[in-house]
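Structural overview
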Amino acid sequence: MPPDKIYKTVRQYNKEPIPAEDMQKLQDIAKDYKKVKNYVYERFGGIGSLYKLYPGYTVQNEMTKAGLREELGMPSVYFYLAVFDALGDIKCQWTNTKSKILKLAGHNKGFTEEEKHYLRFLLKVNNAFEAVLNGKPIVLTHEIQKQYDMLIKKVEVKRLQNYLCRQVRKYHTRLHTDTAEGFSITERAYRYADHGIYISVKEKRKRIFVLLTDQNQYKNQLYVKLYPEQDNIELQVPIQVTVRKHMDYINDVGVALGMRTMFTTDEGQRYGRKLGDYQTEYADWLRKQTGTYMRNKADNPGRKKYKNRKKRYEERLHSYINQELNLFLKNEKPRTIYIPKLPKPQAGGVNKRMNHYNTLWQRGYICTRLKQKCREQSVEIIEVIGKDISKECSCCGSMGQKKDSIFICPSCGYQVDEKINAAQNAKKRGQGERRLY
């Protein structure tokens, strides 16, 4: 059952340029925030600290005793946020490592089903996983211990545990960050007033004032992102919104993504027809600016104008994408959307200009925004296998040919626009057994 509320991120911006002195104070916090995170990454990112990660109070207590906060002169409200931010990053890194190993083990033809089951057990039970990596005996609660004892009767335990340790050494890396672009902040360290926000700094009982472009006020944990070259900041605020449920959203819609036209539906409707024009204009300008910069790099005083104009291009492009996504949902009234999972961008190619366009294709942003908007509107998205989706005939399933953007099936004679054929296949696969999830 879909949730009644979800989180989305809203953004606030400064109305006037941040004075250099105030920006330096914010940068000092960001630099210390980075130092604390790197300290936590280095000290608690290895296998020896696995047992300390949950629920995390052991890490907090050790960081308090380490004396790093006093050494940096950092307010506790920022210090402990940096600690728990880093702790969350480490947990995510371990989750990614486990997922990678789980996938590899599942595709390993040298393992029996019982051996795969044993590896899955180790990867999902934290105490067992930590014990294996640190060479300790596996001691579990009574019920789970009974399951473990049943598993080890059918497998070669030592071999599988060695395999797990090898894969962790191969794929798990300790995190490190070299950027100090911002920091998190709780309500204790800021206050909305006077059409702006007061933010605490490292000096005791001192706050800097930032005039904002809106008068909205929040009581959430914020993230302050710094843009010192533009004398700007961005406040990122996670807020909870109610999911809208539409009784008239009853349609099942297959879609195909494109570089020139953003969406084509299985019934031939098109959305984002100007996407290609926007992207071409942006890509041509970017190529021209890059060439000019490289030719005059030695005498170039800076790239402030370039970055500002690039940001305007991206904002215009993103605004158009969101506008067309809203129109798509309003017109199509989908209950379920079937969309092909696209392959990863491929390197190389014969045409450098086209390679550049492919690189700047906003497909990741489009999919992210579509998923967010669908969550807000209680619309289900189903991704389907994308292999040969534009080459397969949506009528008879035979392999066809594409000529001048028209799909032609030699078996049944079906002819249709290639994007419409791909969208029809997406819907057909989604309603069959070729969905991803």
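Anything mentioned here points back to the structure above.
Described in the following lines is the structure provided in the data block. Owing to the predicted nature of the structure, the values given are computational and were not obtained by experimental measurement.

Let's shift gears to helix 8 (residues 157-171). One turn of an α-helix holds 3.6 residues; hence residues three or four places apart share an orientation. Helix length check: helix 8, at 15 residues, gives a terminal C-alpha distance of 21 Å against a target of 21 Å (1.5 Å per residue), a fit within 8%. Listed in full, the buried residues belonging to helix 8 are Leu160, Gln161, Tyr163, Leu164, Cys165, Gln167 and Val168. The elements touched by buried residues of helix 8 are helix 4 (76-107), helix 5 (113-124), helix 6 (126-133) and helix 7 (142-151).

Further remarks concern a positive patch on the surface. Among the surface-exposed residues, Lys100, Lys103, Lys170 and Lys341 lie close enough to one another that they form a single positively charged patch. With respect to the element layout, Lys170 can be found in helix 8.

Membership of the largest hydrophobic core comes to 74 residues, with the highest contact counts inside it found for Val36, Met63, Tyr78, Leu122, Ile138, Ile197 and Ile233. The element best represented in this core is helix 4, accounting for twelve residues. Apart from residues no more than four positions distant in its own chain, Ile138 is found in contact with Tyr118, Leu122, Ala128, Ala131, Val132, Gln145, Tyr148 and Gln161. If you look at the next biggest cluster of nonpolar residues, it comprises 29 residues, including Tyr271, Leu286, Val379 and Ile381.

This paragraph deals with the packing of aromatic side chains. Applying the stated criterion to the full structure yields 15 aromatic pairs. A centroid spacing of 4.9 Å and a plane angle of 85° characterise the contact between Phe111 and Tyr163, whose relative ring orientation is edge-to-face. Placement of Phe111 in the loop between helix 4 and helix 5 and of Tyr163 in helix 8 is noted, with a sequence separation of 52 residues between them. Across the pair, exposure class does not vary: Phe111 and Tyr163 are buried alike. Both rings, one in Tyr118 and one in Tyr148, keep their centres 5.8 Å apart while their planes meet at 35°; by these two values the pair is tilted. One end of the pair, Tyr118, is in helix 5; the other, Tyr148, is in helix 7, and 30 residues separate them in sequence. As far as the burial class goes, Tyr118 and Tyr148 line up, both buried. A connected cluster of aromatic rings, assembled from ring pairs, spans Tyr282, Trp285, Tyr306 and Tyr313. Over the aromatic face of Phe129 sits the side chain of Lys98, whose NZ or CZ is 4.6 Å from the ring centroid.

Analysis parameters
- Residues numbered from 1 in each chain as written.
- Predicted model: local features only at pLDDT ≥ 70, side-chain atom pairs only at ≥ 80, totals over all residues.
- Heavy atoms only, no water.
- Helix = DSSP H or I, 4+ residues; strand = E, 2+ residues; numbered from the N terminus.
- Expected span 1.5 Å × (residues − 1).
- Buried < 20%, exposed > 50% of the residue type's maximum accessible area, 1.4 Å probe, protein only.
- Contact = heavy atoms within 4.5 Å.
- Patch = residues over 30% accessible without salt bridge, like charges linked within 9 Å, V, L, I, M, F, W, Y side chains within 5 Å.
- Areas by Shrake-Rupley, 256 points an atom, 1.4 Å probe, with all protein chains shown as cover.
- Salt bridge = Lys/Arg side-chain N within 4 Å of Asp/Glu carboxyl O.
- Lys, Arg positive; Asp, Glu negative; His and termini not counted.
- Charge placed at Lys NZ, Arg CZ, Asp CG, Glu CD.
- Core = buried A, V, L, I, M, F, W, Y, C linked by side-chain atoms within 4.5 Å.
- Phe/Tyr/Trp six-rings, centres within 6.5 Å; stacked < 30°, edge-to-face > 60°.
- Lys NZ or Arg CZ within 6 Å of the ring centre and 35° of its normal.

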